[in-house]
Amino acid sequence: NAGVTQTPKFRVLKTGQSMTLLCAQDMNHEYMYWYRQDPGMGLRLIHYSVGEGTTAKGEVPDGYNVSRLKKQNFLLGLESAAPSQTSVYFCASSSQGLPYEQYFGPGTRLTVT
Amino acid sequence: AQKVTQAQTEISVVEKEDVTLDCVYETRDTTYYLFWYKQPPSGELVFLIRRNSFDEQNEISGRYSWNFQKSTSSFNFTITASQVVDSAVYFCALISGTYKYIFGTGTRLKVLA
C-alpha cells in the first residue's frame with residue numbers, strides 16, 4: 001500500500017496563477033483533510049471531507065476550493081495564488097472521523113512569488 | 001478557548017540521553033483527546049499515541065513513554081536512551097468538542113551522535 005500520496009512535491013507559482021494539488025489514498029478511508037503548515041503555527045485545517053461528494057470548511061478555507069469526486073482522491077485548488085499561500089500543504093485521511101488518528105501524506109511545498 | 005502549547009521550540013541532546021518533550025493544553029470540555037505525532041525529515045506526520053481525557057494512565061511503548069496529568073493539563077512525552085533516528089519535529093495535538101485537531105507549534109528534537 002502506498003498510503004497517502006500527494007502530487008506535486010514542490011511547486012513555484014506566480015501571484016495570480018492557479019493550480020490544483022492532488023491527494024490520493026489507497027486505504028479506502030472515508031475521511032480526508034487538507035492542512036497547511038506554516039513556521040511557528042503548527043498545522044491548520046483548510047477543508048475536509050467526510051465522504052465521496054462531500055466537502056466542508058475548516059479553520060482557514062479562504063482562497064482555497066476542494067473537490068472529492070472519487071473516494072480515494074481529494075483535490076485542493078488555488079484559483080488565484082497569493083504570497084500568503086506560500087506554505088507546506090499536507091493531506092491526511094482516516095477510516096473514521098475524529099478523534100481517530102489520521103494518516104498523512106509527505107506534503108507539498110508551495111512557494112508563491 | 002482550546003489551545004496547545006509546546007514551549008520548547010528546539011531541543012538538542014546527545015545520543016543515549018533521555019529527553020522529555022512538554023505539552024500543555026487548554027480546554028473547558030470534560031471529554032477530549034490528546035495526540036502525539038512525529039514528523040521526520042521525510043515530511044509526513046506519523047501517529048504515535050492517542051489518549052482520552054478519562055484515561056490518565058501513563059503509557060510506555062519501547063523507549064517512548066507518555067505522562068498525562070489532568071491536574072496540570074499536561075501530556076508530556078519522554079524518549080529514553082535517544083537515538084539519532086529520533087531526530088524529528090514532534091507535535092502534540094488536542095481534539096476537544098470540535099471537528100478538528102488543534103496542533104501545537106511543534107518541538108524540533110536533534111539527537112547528536
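Residues numbered from 1 in each chain as written. Chains lettered and ligands numbered in written order. Predicted model: local features only at pLDDT ≥ 70, side-chain atom pairs only at ≥ 80, totals over all residues. Heavy atoms only, no water.

**Describing the overall build of chain B**
This is how it is decided: For the purposes of this entry, the term helix denotes a DSSP run of H or I that reaches at least four residues, the term strand denotes a run of E that reaches at least two, and both are numbered from the N terminus. Burial here depends on accessible area, computed with a 1.4 Å probe over protein chains only, as a share of the maximum for the residue type. Under 20% is buried, over 50% is exposed, and the range in between is partly exposed. Areas reported here follow the Shrake-Rupley algorithm with a probe of radius 1.4 Å; residue values treat only the protein chains shown as occluding. Note on charges: Lys and Arg go in the positive column, Asp and Glu in the negative column, and His and the chain ends are not counted at all. In this description, the location of a charge corresponds to atom NZ of lysine, CZ of arginine, CG of aspartate or CD of glutamate.
For chain B, the count of helices and strands is zero helices and twelve strands. The N-to-C order of helical and strand elements in chain B reads β-β-β-β-β-β-β-β-β-β-β-β. In terms of its C-alpha atoms, chain B occupies a principal-axis envelope of roughly 45 × 25 × 20 Å. Looking at the 113 residues of chain B, the share that counts as buried comes to 45%. Summed over all atoms, the accessible surface of chain B reaches about 5500 Å², with 48% contributed by carbon and sulfur. Distance between charge centroids for chain B: 5 Å, based on 11 positive and 12 negative side chains.

**As for the interface of chain B and chain A**
Convention followed: Contacts were defined at the residue level, with two residues in contact if any of their heavy atoms lie within 4.5 Å. Accessible surface is computed with a 1.4 Å probe, and the buried area is the amount of it that two parts give up when combined, taken over both parts together. A side-chain nitrogen of Lys or Arg and a carboxyl oxygen of Asp or Glu constitute a salt bridge if their distance falls within 4 Å. Contacts described as polar in this section are N or O atom pairs within 3.5 Å, which, within protein, must combine one atom able to donate a hydrogen with one able to accept it, while residues neighboring in sequence count only if both atoms come from side chains.
On the side of chain A, 20 residues touch chain B, which itself brings 19 residues to the contact. Both faces combined, the contact of chain B with chain A buries some 1600 Å², and carbon together with sulfur accounts for 65% of it. For the interface between chain B and chain A, the tally reads zero salt bridges. Scanning the region where chain B abuts chain A turns up three residue pairs in polar contact (both at pLDDT 80 or more). When contributions to the side of chain B that touches chain A are tallied by element, the ones reaching two or more residues are β5 (33-39), β6 (46-52) and β10 (88-95) of chain B.

**Some thoughts on the pairing of strand β8 (residues 73-78) of chain A**
All names here are of chain A. Our working definition: Between any two strands, at least two bridges found by DSSP are needed for them to pair.
The buried fraction of β8 is high, at five of six residues. Two strands pair when backbone bridges link them, and strand β3 (residues 19-25) and β8 are joined in this way by six bridges, in the antiparallel orientation. Across the sheet, residue Thr20 finds its bridge partner in β8, namely Gly77. Both strand β7 (residues 65-67) and β8 contribute to a ladder of three bridges, which runs antiparallel. Bridging across to β8, Val66 finds its partner in Leu76.

**With respect to the pairing of strand β11 (residues 108-112) of chain A**
Residue and element names in this part refer to chain A. Of the two faces of β11, only one is covered, namely that formed by Thr108, Leu110 and Val112; the face formed by Arg109 and Thr111 stays uncovered. Bridge count for strand β2 (residues 10-13) against β11 is four bridges, and the pairing is parallel. By the bridge assignment for β11, Phe10 is matched with Arg109. With three bridges connecting them, strand β9 (residues 87-94) and β11 associate as antiparallel partners. When the bridges of β11 are listed, Tyr89 appears paired with Thr108.

**Notes on the side chain of Gln37 of chain A**
Within the fold, Gln37 of chain A resides in strand β4 (residues 31-37). Given a relative accessible area of 15%, Gln37 of chain A falls into the buried group. A distance of 3.1 Å separates polar atoms of two side chains, one belonging to Gln37 of chain A and the other to Gln39 of chain B. Contact partners of Gln37 of chain A, with chain neighbours within four places excluded, come to Gly42, Leu43, Ser87, Val88 and Phe90 of chain A together with Gln39 and Phe91 of chain B.

**Comments concerning the packing of aromatic side chains**
Aromatic ring pairs are described here by two measures, namely the spacing of the ring centres and the angle between the planes. Residue and element names in this part refer to chain B. Quick note on the threshold: Put simply, two rings from Phe, Tyr or Trp (the six-membered ring, in Trp's case) pair if the centres are within 6.5 Å, and we call them stacked under 30 degrees between planes, edge-to-face over 60, tilted for the rest.
Using the criterion set out here, one finds 22 aromatic pairs over all chains in the structure. Measuring from ring centre to ring centre gives 5.1 Å for Tyr25 and Tyr32, while their planes differ by 50 degrees; the resulting arrangement is tilted. Seen from their ring centres, Tyr37 and Tyr101 are 5.8 Å apart, and the 80 degrees between their planes marks the pair as edge-to-face. With Tyr37 in strand β5 and Tyr101 in the loop between β10 and β11 (102-103), this residue pair connects regions lying 64 residues apart in the sequence.

**Describing the state of the cysteines**
The cut-off we apply is this: Here, two cysteine sulfur atoms that lie within 2.5 Å of each other are counted as a disulfide.
One pass over the full model with this rule turns up two disulfides over all chains. With its sulfur 1.8 Å from that of its partner, Cys23 of chain A forms a disulfide with Cys91 of chain A. Because the sign of the S-S torsion sets the handedness, a value of about -75 degrees for the bond joining Cys23 of chain A and Cys91 of chain A places this disulfide among the left-handed ones. Of the two residues, Cys23 of chain A sits in strand β3 while Cys91 of chain A sits in strand β9, which places them 68 residues apart along the sequence. In this structure Cys91 of chain A comes out as buried when scored by relative accessible area, which is 0%. Paired by a disulfide, Cys23 of chain B and Cys92 of chain B hold their sulfur atoms 1.9 Å apart.

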